[in-house]
Amino acid sequence: MEKIDIISSCLVQMANNGNNKSMSRMDLTPWDLQFLLLDPIQKGILFHKPESQQLRNTIIDHLKNTLSHTLSFFPPLAGRLGTAVVGNGDNAVSYFVDCNNAGAEFTHAVAAEVCVSDISEPNYVPEIVSSFFPLNGVSNIDGISKPLFGVQVTELVDGFFISCTANHAVIDGTSFWHFFNSWSEISRGFDKISKMPLFEKWFPNNCNDGLILLPPLEQNNLLPKSHVMVPQLLQRVFHFSKESVAKLKAKANSEAGSDKIISSLQVVSAHLWRSVARNKSRNRQSPQINTQEEEVCCIMLFVVGARARIPLGDGYFGNGTYIAKTSISETELLGKGLGYVGLKINEFVASQNREEVVKFVEDWIEKPTIVRKGSIGNCTLAITSSPRHNVYGNDFGWGKPIAVRSGRSQKFDGKMTTFPAAEDGGIDVEVCLAAETMQAMENDAEFLDAFENY
């Protein structure tokens, strides 16, 4: 059995080079605070080893030094969560990021028996991949004492896997890849990064001075439940090539017969939603017996971006997302066709306009809702991350990555993690499903029809 050895682990502080030296704290918005009890973001990219033996010999020190330099542009990631108890005896708590330069975690590991092909080629994501990530088992709320950001560089027989774990109460996927992209620039020899982060936070009018008070989490029964039954899960990356996406879009838009154009991500989401629901229905252990024929409701969760809707400045640092859901009956989902479902998704996304984004934040301030672990898994499908992130532009100085994978954090039955494909125009989806649903999808002719040479 393949194993992984931890060679070293340390804290890396940001370099003392004058970047953002006056930044002492960063306020947190409702978009940030809603994720306090969830797991961090975990994403990593796979590389072949550099051809240069000299670079191979110095790569760990090089990555550690360039990480320190990059952190100087992003002081919050070298800090910790801070708290302040405020109020008249009710122990209300304010959370913020203390930019104290306590440091990010850096781990060097070796998987001496694992090759690049062992990660990139199997149908299912190998279990060992989860050990390629730092800070496993840490929740966002643990950022009070644990690092807000961690890096692990795992050396393989013929490659490297560079992963990052980031506190999701501090940043979202857009800021995560902003940092990753910036780090790769510094690693290639840049003195400055191409896009500076903007730390000025956006708050609605009903928030006074950015101060948001939360009741103690324990007293409000908000802490995550420790015992949750989880089915056996399988993870697999389905590759929708540029041609596959075009084929699905042509079919959906033709069926919809609307002047609204169903986008690439919307049509891939519709295709996955229908297939997952169809195969869950087939695998249902005991068919519903109900004289009134109670309908099954299929729920889809979307991570809605606020940056373009507010709009926020380019480089806005932190979270700029919230979770929205739409639903449809199983009969409607499976009986109406790809175009109908794609158009429903298109209309739902269009409904999430600036007014809806502002309303979410204003309502949250009036009645804060902390998302529980396990609560977002109560759906047929959840579409997360984005194929717009710059994943394959992360060249650290010896070539572009060949694959991307996520860690074990926040995995549940029905989670779909979207990435750009290595070639332009394609979409890769890391699908996490109960084993029986995954195996049924792999024999679902309608689902497989989207792929060439399956």
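Quick note: structure is the one above.
Residues numbered from 1 in each chain as written. Predicted model: local features only at pLDDT ≥ 70, side-chain atom pairs only at ≥ 80, totals over all residues. Heavy atoms only, no water.

1. Details of the overall build of the protein
Condition: Secondary structure elements are taken from DSSP: a helix is a run of H or I of four residues or more, a strand is a run of E of two residues or more, and numbering for both begins at the N terminus. Only C-alpha atoms enter the radius of gyration, while the globule expectation follows 2.2 Å times N to the 0.38, with N the number of residues. Each residue gets one of three labels from its accessible area relative to the maximum for its type: buried under 20%, exposed over 50%, partly exposed in between, using a 1.4 Å probe on protein chains only. Neither His nor the chain termini are counted; the positive set is Lys and Arg, and the negative set is Asp and Glu. One atom stands in for each charge, and that atom is NZ of Lys, CZ of Arg, CG of Asp or CD of Glu.
Across its full length, the protein holds 11 helices and 15 strands. Whereas a compact globule of 454 residues would reach a radius of gyration of roughly 22 Å, the protein reaches 22 Å, a difference of no more than 12%. A principal-axis box enclosing the C-alpha atoms of the protein has dimensions of 65 × 60 × 45 Å. Per-residue burial over the protein gives 55% buried out of 454 residues. Put simply, the protein has 41 plus and 50 minus side-chain charges, and the middle of one group is 1 Å from the middle of the other.

2. Remarks on the pattern of salt bridges
Cut-off, in case you're wondering: Any carboxyl oxygen of Asp or Glu within 4 Å of a side-chain nitrogen of Lys or Arg constitutes a salt bridge here.
Counted according to the given criterion, the structure contains 15 salt bridges. As a salt-bridge pair, aspartate 27 and arginine 25 come within 2.9 Å of each other at their nearest N and O atoms. Under the relative-accessibility criterion, aspartate 27 is labelled partly exposed at 27%. Overall, arginine 25 belongs to the partly exposed group, its relative accessible area being 41%. With a shortest N-O distance of 3.6 Å, glutamate 430 and lysine 411 are connected by a salt bridge. Within this pair, whereas glutamate 430 is found in strand β15 (residues 427-434), its partner lysine 411 is found in the loop between β13 (403-406) and β14 (415-420), the two being separated by 19 residues in sequence. Comparing glutamate 430 with lysine 411, the two get one shared label, buried. Counted as one network, the salt bridges with shared partners bring together Arg274, Arg278, Asp444 and Glu446.

3. Quick word on empty space enclosed by the protein
Rules: Throughout, the protein atoms alone are placed on a 1 Å grid, and a set of points is a cavity if a 1.4 Å probe fits but cannot get out or a pocket if it is open with protein on both sides within 12 Å along at least five of seven lines; lining residues have an atom within 4 Å of a point. Grid points are joined across faces, edges and corners, and a volume is the space filled by probe spheres set on the points. Gly falls in the polar group here, along with every residue not listed as nonpolar (Ala, Val, Leu, Ile, Met, Phe, Trp, Tyr, Cys, Pro) or charged (Asp, Glu, Lys, Arg).
In the structure shown here, the tally under the stated rule is 2 cavities of 30 Å³ or more. As a volume, the largest cavity reaches approximately 50 Å³. Pro40, Leu135, Val138, Pro147 and Asn167 are, among the 14 residues lining the largest cavity, the residues nearest its centre. Looking at the lining of the largest cavity residue by residue, the class counts come to 7 nonpolar, 5 polar and 2 charged.

4. Topic: the packing of aromatic side chains
The condition is simple: Centre distance within 6.5 Å is the pairing criterion for rings of Phe, Tyr and Trp, where only the six-membered ring of Trp is used; planes under 30 degrees apart are then read as stacked, over 60 as edge-to-face, and the remainder as tilted.
For the structure on display, the rule yields 23 aromatic pairs. Look at phenylalanine 74 and phenylalanine 317: their rings are 5.7 Å apart centre to centre, the planes differ by 50 degrees, and that puts the pair in the tilted class. Here phenylalanine 74, found in the loop between α2 (53-71) and β4 (80-86), pairs with phenylalanine 317, found in the loop between β10 (297-305) and β11 (321-329); they are 243 residues apart in sequence, far enough to count as distant. Under the relative-accessibility criterion, phenylalanine 74 is labelled buried at 0%.

5. Points about the sheet that holds β10
Filter applied, for reference: DSSP bridges decide pairing: two strands pair if at least two such bridges lie between them. Throughout, an axis means a line fitted to C-alpha atoms (over the contacting stretch in the case of helices), and angles, computed between N-to-C directions, take values from 0 to 180 degrees.
In spatial order, the strands read β9-β15-β14-β12-β10-β11; together these 6 strands make up an open sheet with mixed pairing. On the outer flanks of this sheet lie β9 (233-240) and β11, each paired with one strand and no other. With strand direction ignored, the average angle separating the axes of adjacent strands in the sheet is 20 degrees. Relative to β14, strand β12 (residues 381-385) runs parallel, the two being bridged by 4 bridges.

6. A closer look at the pairing of strand β7 (residues 149-155)
Of all 7 residues that make up β7, 6 are buried, and the element is covered over most of its length. Bridge analysis of strand β6 (residues 104-110) against β7 gives 6 bridges, and the strand direction is parallel. Bridge pairing in β7 places valine 110 opposite glutamate 155. Taking the residues between adjacent antiparallel strands as the criterion, β7 and strand β8 (residues 159-166) are bridged by 3 residues.

7. So, the packing of helix α5 (residues 242-256) against helix α8 (residues 338-351)
Put simply, the rule reads: Any angle from 65 to 115 degrees is called roughly perpendicular, while one under 35 is roughly parallel, one over 145 is roughly antiparallel, and all others are oblique. Any two residues whose heavy atoms approach within 4.5 Å are treated as being in contact.
Closest axis-to-axis distance for the α5/α8 pair is 7 Å, and the angle between their directions is 90 degrees. Judged by the angle between their axes, α5 and α8 are roughly perpendicular. Judged by residue contacts, Leu248, Lys251, Ala252, Glu255 and Ala256 of α5 engage Leu338, Gly339 and Leu343 from α8.

8. Some details on a negative patch on the surface
Note the cut-off: Residues qualify for a patch when their relative accessible area is over 30% and they have no salt bridge, like charges being joined within 9 Å and the nonpolar side chains of Val, Leu, Ile, Met, Phe, Trp and Tyr within 5 Å. Throughout, the Shrake-Rupley method with a 1.4 Å probe supplies accessible areas, and for residues the shown protein chains are the sole cover considered.
Negative charge collects at one region of the surface, where Glu243, Glu423, Asp424 and Glu452 lie side by side. Mapping glutamate 452 onto the fold places it in the segment after α11 (445-448).

9. Brief notes about the side chain of serine 175
For clarity, the threshold we go by: Think of a polar contact as two N or O atoms within 3.5 Å of one another; within protein, one of them needs to be a possible hydrogen donor and the other a possible acceptor, and neighboring residues in sequence only count if both atoms come from side chains.
With respect to the helices, strands and loops of the structure, serine 175 is situated in helix α4 (residues 173-187). What makes serine 175 buried here is its relative accessible area of 1%. Among the polar contacts made by the side chain of serine 175, one reaches the main-chain amide nitrogen of glycine 318 at a distance of 3.0 Å.

10. Examining the environment of phenylalanine 149
One can find phenylalanine 149 in strand β7. For the pair phenylalanine 149 and glutamate 105, spaced 44 residues apart in sequence, the C-alpha separation works out to 6.5 Å.

11. Remarks on the environment of glutamine 410
By secondary structure assignment, the location of glutamine 410 is in the loop between β13 and β14. Residue classification places glutamine 410 among the buried positions, given a relative accessible area of 12%. Sequence spacing of glutamine 410 and leucine 301 is 109 residues, and the spatial spacing of their C-alpha atoms is 14 Å. Not counting residues within four places of it along the chain, the set of residues in contact with glutamine 410 comprises Leu38, Asp39, Lys373, Gly374, Ile376 and Lys415.

12. With respect to unusual backbone geometry
For the bond running from isoleucine 310 to proline 311, omega is -5 degrees, close enough to zero to count as cis. Residue position: proline 311 is located in the loop between β10 and β11. Positive phi, close to 60 degrees, is recorded for leucine 135, a residue that is not glycine. When you line up the elements, leucine 135 lands in the loop between α3 (116-120) and β7. One non-glycine residue with positive phi stands out, namely glutamine 410, at about 55 degrees.

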